[in-house]
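# Remarks on the overall topology
Each chain, written out:
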Amino acid sequence: MSLLSVDKLRIEFPSRHGTAVSVKDVSFTLEKGEILGLVGESGAGKSTIGNGIINLLSAPGRVAGGKIILDGEPIQGLEGEAMRQIRGSRIGFIFQDPMTSLNPLLTIGTQLMETVIATRNTDENTARARALELLDAVGIPEPELRLAQYPHQFSGGMRQRVVIAIALAGDPELIIADEPTTALDVSVQNQVLELIRKLCKERDVGCILVTHDMGVIANTTDRVAVLYQGEMVECGDTMDILERPQHPYTRSLISAVPRSDIKLHRFPQVDYIEKADCKPIDIKNHWLGVKEDFGSFDHDKLLQVENLNLRFVTQNAFLEKNRRYVQAIDNVSFHVKEGETFGLVGESGSGKSTTARVIAGLYAPQSGNVIFAGQNMGQMSEKQRRPLRREIQMVFQNPYSSLNARMTVADIIAEPIHFHDLADSAMQTRQIVNDLLDHVGLGAAAGRRYPHEFSGGQRQRISIARALATRPRFLICDEPTSALDVSVQAQILNLLKDLQDELGLTMLFISHDLPVIRQMCDRIAVMKQGAIVEINDTDTLFSNPQDPYTQNLIDVMPHLDHLSREGLELETVA
Amino acid sequence: MSSNTLAQAAETTKMQKFFKSNFWYSFTRDKVAIVSFTIFVILAGAALLAPVIAPTNPYDMAAIDIMDSELPPSWSEEGDERFLLGTDDQGRDLLSTILYGMRTSLTIGLCAVMLQMFLGVVIGLSSGYFGGRMDSFLMRMADIQLSFSTMMVAIIVLAVFQASFGSELYSKLAMLMLILVIGIAEWPQYARTIRASVLAEKKKEYVEAARVMGFGSGRIMFRHILPNCLSPILVISTVQIANAIISEAALSFLGLGMPVSQPSLGALISSGFEYIFSGSWWITVIPGIVLVVLVLVMNLLGDWLRDVMNPKLYKG
């Protein structure tokens, strides 16, 4: 008998617009000591299944049909005390964001012991001993000392270890991990996944790992279930599915994962994603193709960043000597050639986004120069700088907050054209806006709508159209796809590459995702704690990393080399 | 197709959108909101149309007969059918006086709140957007302002004005003075609310995007940030109008508000208060009920609006 068997599970969210079925007749089983991956893109219902099993669905969601059997006992629809007996002591739960899943006002010890006492009815001393043992098991050094500390004294990875310890506190038979490493850096991600895997095998605990990341699936799970819009399209042994995907959706999902081994000209275009027809326009004769003349400058150094330093005040004080700072950018120098894509890669807090914001003129550096097309931007007044500002544009990370929700899409794109006086008439502005919308694959009709009517990928297209509306020469992309699903990511990255080819754009591409960086960039700078540790050509950097930090980053990068990529057109860069 | 029909088409789709919106849906589901809104519309409409629907003009001295004073409502034994709600101490028809008084109260409330809103938006927006010293300075000003009670400031200012310029001039300027005093005394409420939402909006990437485009501070503040702060402004406005009406009524009750010749609801309550023990209860009680109902429905609407506009509530 299986540890968990889910049979024809159906979960519905009734609303005034009708009932949305977010999980449609999904069936699977899980054995002891086995790790089952639930993989899919946003809206596939993967988290809903996890929440449905322990009845944590947010209102108005409900389990509308099917059976959930845990170790021979049906548990679907249990509520109140009966469900409480199962949560924690029989099923443990690991949440996505370790920053918010621990109570900041209680010590780690209190939170751990609370769970131990609630699930095992022990006294305080036994609970304390158990808490120490758990912290030790999840690999937290000096458990005695750590027990008395508060969550803010732990790093993200350490917090996630604590969350795992809490999930284990009741000695559960089953652990549900909902995107446990999505909020963590790659190097930490690997450690946490290894820990989950080790604990499951040692303790003979079944685990459902919910994730959107094929790399996590490949490295951690024994079996995998692929979900698409609430339906399970495929389920089976992980290696089987990754190497011989049967369903076209699984195939397209796998092919959209950026490759870490070789650089491709374009991402393979896949089905099963939102349609976007990019209408070509005649760039040479179009408004978009017009280029301002900057006089002569060294085209190998369109952008030069020299000895840039920026520190933020972490503790303000009246006296200079009492103030404390954090060095966000530490003596950073690099240059970007015209027409190339320069990558900045690093983990969170490495200063890559801050560097981009200094170049875009959002922060003023403490010292150092940003020289664009031969002109030193640091020494200019705001007025002198304005014409240069539109030459450098930025595409932001979060498509949900980077568009003004109160303006129509056409107004959003028209505003910079209007502001910088780039069009002769209102008619022409409207025509340019329509062309831009067509060109990024949304269609001119999109202009009348508001940003909230679009999906994340579509919004990112609007962001790109807005950035292009000032006719920039230099485009900064700050993690443009980290909030998107992989298939949409492939589309957006292809769009950026197309635009770069057509318009001769120079790009600064920022990401924490090494495979994406490898696909997009010609040269790469690796950043660590505000400083650049290594700059090199993409291929050299990946094949022969010099700095130990880079070596480590490349080592922990998820490898999907054994994946099947048959039947997908691959066009490698010569 | 002419541009006129195009505009009409756009109008109908806007109306359709409105009827499909969350806003309308939650309104039709909330009985309290519907009842409050209906009462509010009736009261406000009656006040607006006072010159048309009122049986007499209470400001017209020639039409008032002192012999009609203190007549009880028409349904009581000594009532006069000419005066539905009876008359006040000067022989004015109470219904007409209430309608005109409500008009005065609502005007003062609305104008005072517009003044508050103007000051609060400008100060809160600058304070939140520029931050630093300017923020500290403006917010300390707000703290100082808040540490005085609104009533205390209003009473001092109005009493000093009345004493120094005489009641003749005062009665002419009473409405303007009330608007100014209530408007200026309450701006920190707005400034604080707006500053808080500006601080949240300022961190969002669309503001950074606008800065990367090279837009100036004024444009970013008023065109980009302000429209995104409208929900909290709308919510506090309903409550603030109710508060302003109450403040005005209280000041008038204390004899520092509207003159007897042009009574607001508060002044009417106050003038009737002298006669309440001689049995003429209606002069105080009826305008009192109208005031309470008016303020209550506005507060209830404000509560409902806050629930609807709280994005946390309708994300689930």
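Note that the coordinates shown come from a computational prediction; the quantities given were computed from them, not determined experimentally.

Our next topic: the overall build of chain A. Of regular secondary structure, chain A possesses 19 helices and 20 strands. Against the compact-globule benchmark of 25 Å for 574 residues, chain A has a radius of gyration of 26 Å, which places it among compact chains. On the principal axes, the C-alpha backbone points of chain A span a range of 75 × 60 × 45 Å. Across the 574 residues that make up chain A, the buried fraction comes to 55%.

A separate point is the overall build of chain B. Secondary structure assignment for chain B yields 13 helices and 0 strands. The linear arrangement of helices and strands in chain B, starting from the amino end, is α-α-α-α-α-α-α-α-α-α-α-α-α. The C-alpha extent of chain B, read off along each of the three principal axes, is 75 × 55 × 40 Å. The buried share of chain B, taken over its 316 residues, is 45%. In chain B, 72% of the contacts between residues at least 6 apart in sequence involve partners at least 24 apart.

To continue, consider the nonpolar core. Among the nonpolar cores identified, the biggest contains 70 residues, and A:Ile464, A:Leu496, A:Phe509 and A:Met520 are the most heavily contacted of them. Looking at which element gives the most residues to this core, the answer is helix H16 (residues 486-503) of chain A, with 9 residues. Listed in part, the 62 residues of the second largest apolar core include B:Ala50, B:Met213, B:Ile245 and B:Trp282.

Residue and element names in this part refer to chain A. Tallied over the entire structure, the rule returns 30 salt bridges over all chains. The closest approach of N and O atoms between Lys24 and Glu231, which form a salt bridge, is 3.9 Å. Residue Lys24 is located in strand E2 (residues 18-30), and its partner Glu231 is located in strand E10 (residues 231-237); the two are separated by 207 residues in the primary sequence. In this structure, Glu338 engages Arg473 in a salt bridge whose closest nitrogen and oxygen atoms are separated by 3.5 Å. Of the two residues, Glu338 is situated in the loop between strand E12 (324-336) and strand E13 (341-345) and Arg473 in the loop between helix H15 (456-468) and strand E17 (474-478); the sequence distance between them amounts to 135 residues. Residue class for Glu338 comes out partly exposed when judged on its relative accessible area of 28%. When salt bridges with common partners are traced through the structure, they connect Arg120, Arg130, Glu133 and Asp171 into a single cluster.

The next thing to look at is the packing of helix H13 (residues 409-419) of chain A against helix H14 (residues 426-439) of chain A. All names here are of chain A. At a minimum axis separation of 10 Å, H13 and H14 run at an interaxial angle of 120°. Judged by the angle between their axes, H13 and H14 are oblique. The chirality of how H13 crosses H14 is right-handed. Across the interface between the two elements, Val409, Ala410, Ile413, Ala414 and Ile417 of H13 pack against Thr429, Ile432, Val433, Leu436 and Leu437 of H14. A per-class count over the contact of H13 with H14 returns 9 nonpolar, 1 polar and no charged.

This paragraph deals with the UniProt feature "domain: ABC transmembrane type-1" (unreviewed entry) in chain B. Sequence positions flagged by UniProt for "domain: ABC transmembrane type-1" (unreviewed entry) are, in local numbering, residues 102-302 of chain B. End C-alpha atoms of residues 102-302 of chain B are separated by 20 Å, and the span's content is 85% helix alongside 0% strand.

Another point: the environment of A:Pro245. All names here are of chain A. On the secondary structure map, Pro245 appears in the loop between helix H9 (238-243) and helix H10 (248-256). Overall, the relative accessible area of 8% leaves Pro245 in the buried class. Placed 28 residues apart in sequence, Pro245 and Ile217 show a C-alpha to C-alpha distance of 14 Å.

On to the pairing of strand E14 (residues 367-372) of chain A, then. Residue and element names in this part refer to chain A. Note: strand E11 (residues 303-315) against E14, 5 bridges, orientation antiparallel. Bridged to Asn309 within E14 is Ser367. Between the antiparallel neighbours E14 and strand E15 (residues 375-376) lie 2 residues, among them Ala373 with a positive phi of about 45°.

Time to look at the confidence of the model for chain A. Low-pLDDT portions of the prediction should not be read for the details of their coordinates. With 94% of its residues at a pLDDT of at least 70, chain A reaches an overall mean of 85. Counting interchain partners and residues more than four positions distant, the pLDDT-below-50 stretch residues 564-574 of chain A has 23 contacts.

Within this structure's numbering, the places UniProt gives as "domain: ABC transporter" (unreviewed entry) are residues 1-254 and 303-554 of chain A. Within the segment residues 1-254 of chain A, helix and strand shares are 39% and 27% respectively, and the terminal C-alpha atoms sit 32 Å apart.

The next thing to look at is the sheet that holds strand E3 (residues 35-39) of chain A. Strands in a sheet are paired, the pairing made by backbone hydrogen bonds, and the direction either parallel or antiparallel. All names here are of chain A. Here we have 6 strands laid out as an open sheet, ordered E6-E7-E8-E3-E9-E10, and mixed in their pairing. In the strand order of this sheet, the two ends are held by strand E6 (91-94) and E10, each with one partner. Taking each pair of neighbouring strands and ignoring which way they run, the sheet shows an average axis angle of 15°. Looking at chain direction, strand E7 (residues 174-178) and strand E8 (residues 206-211) are connected through 5 bridges and run parallel. Its bridge partner lying in E8, Ala177 is registered against Leu209. Set on the sheet, helix H1 (residues 46-53) makes contact with E3, E6, E7, E8 and strand E9 (223-228); between it and E8 the angle comes to about 145°. Along the sheet, helix H7 (residues 186-203) contacts E3, E6 and E8; its crossing angle with E8, the most-contacted strand, is approximately 155°.

A few words on the interface of chain B and chain A. The figure often quoted for interface size is the accessible area lost as the parts come together. Facing 23 residues of chain B, the contacting portion of chain A comprises 28 residues. Approximately 2,300 Å² of surface area, both sides summed, lies buried where chain B meets chain A, with 51% of it carried by carbon and sulfur atoms. Three residues, B:Glu205, B:Val212 and B:Met213, lead the burial of chain B against chain A; their summed loss comes to 31% of the area buried on that side. Run the count over chain B and chain A and you get 3 salt bridges. Where chain B meets chain A, there are 16 residue pairs in polar contact (both at pLDDT 80 or more). Elements supplying a minimum of two residues to the side of chain B that touches chain A: helix H1 (3-20), helix H2 (22-29), helix H9 (205-212) and helix H10 (217-228) of chain B. With 6 residues, H9(B) is the single largest residue contributor to the side of chain B that touches chain A.

Let us look at the UniProt feature "transmembrane region" (unreviewed entry) in chain B. Residues and elements named next belong to chain B. Feature annotation in UniProt assigns "transmembrane region" (unreviewed entry) to the following positions: residues 32-54, 106-132, 144-163, 169-187, 229-255 and 275-302. Each end of residues 144-163 is marked by a C-alpha atom, and these two atoms are 26 Å apart; helix forms 90% of the span and strand 0%. The span residues 169-187 shows a helical share of 95% and a strand share of 0%, and its end C-alpha atoms are spaced 27 Å apart.

Here we come to the state of the cysteines. Residues and elements named next belong to chain A. Per the counting criterion, the structure on display carries 0 disulfides over all chains. With no disulfide of its own, Cys207 has Cys200 as its nearest cysteine by sulfur position, at a separation of 4.2 Å. A residue is classified by how much of its surface remains accessible, and Cys207, at 0% relative accessible area, is buried.

To continue, consider helix H7 (residues 150-185) of chain B. The end-to-end C-alpha separation of H7(B) is 6 Å, well short of the 52 Å expected for 36 residues at 1.5 Å each. Of all the bends in H7(B), the greatest measures close to 120° and is centred on B:Gly166.

All names here are of chain A. Relative to the helices and strands, Lys497 is located in helix H16. One buried charge, Lys497, has no salt-bridge partner; the nearest side chain with opposite charge is Asp522, at 8.2 Å. Those residues in contact with Lys497 that sit more than four places away from it in its chain are Leu264, His265, Arg266, Gln519 and Met520.

Relative to the elements of secondary structure, B:Ser76 occurs in the loop between helix H4 (50-53) and helix H5 (94-130). Residues B:Ser76 and B:Pro55, 21 residues apart in the sequence, show an inter-C-alpha distance of 19 Å.

This next bit is on H10(B). Spacing of three or four residues puts side chains on the same side of an α-helix, whose turn is 3.6 residues. Taking 1.5 Å of rise per residue, the 12 residues of H10(B) would be expected to cover 16 Å, and the 16 Å separating its terminal C-alpha atoms lies within 8% of that figure. Of all the residues in H10(B), the buried ones are B:Ile220, B:Met221, B:His224, B:Ile225, B:Leu226, B:Pro227 and B:Asn228.

Another point: unusual backbone geometry. Residues and elements named next belong to chain A. Phi at Glu179 takes a positive value of approximately 45°, unusual for a residue other than glycine. Assignment of secondary structure puts Glu179 in the loop between E7 and H7. Of note in this structure, Gln529 is not a glycine but carries a positive phi near 45°. Mapping Gln529 onto the fold places it in the loop between strand E19 (523-528) and strand E20 (531-537). Note on Gln529: relative accessible area 62%, which makes it exposed.

The rules behind each value
Residues numbered from 1 in each chain as written. Chains lettered and ligands numbered in written order. Predicted model: local features only at pLDDT ≥ 70, side-chain atom pairs only at ≥ 80, totals over all residues. Heavy atoms only, no water. Helix = DSSP H or I, 4+ residues; strand = E, 2+ residues; numbered from the N terminus. Rg over C-alpha atoms; globule rule 2.2 N^0.38 Å. Buried < 20%, exposed > 50% of the residue type's maximum accessible area, 1.4 Å probe, protein only. Contact = heavy atoms within 4.5 Å. Core = buried A, V, L, I, M, F, W, Y, C linked by side-chain atoms within 4.5 Å. Salt bridge = Lys/Arg side-chain N within 4 Å of Asp/Glu carboxyl O. Axes fitted to C-alpha atoms, helices over the stretch in contact; angles between N-to-C directions. Parallel < 35°, antiparallel > 145°, perpendicular 65-115°, else oblique. Left-handed = near helix turned anticlockwise from the far one by under 90°. Nonpolar A, V, L, I, M, F, W, Y, C, P; charged D, E, K, R; others polar. UniProt positions renumbered as here; feature names shortened; annotations may be inferred. Pairing = 2+ DSSP bridges. pLDDT = per-residue confidence, 0-100. Buried area = accessible area lost by both parts, 1.4 Å probe. Polar contact = N/O pair within 3.5 Å; in protein donor to acceptor, adjacent residues only side chain to side chain. Disulfide = S-S within 2.5 Å. Expected span 1.5 Å × (residues − 1). Bend = angle between axes of the 7 residues up to and from the residue. Lys, Arg positive; Asp, Glu negative; His and termini not counted.

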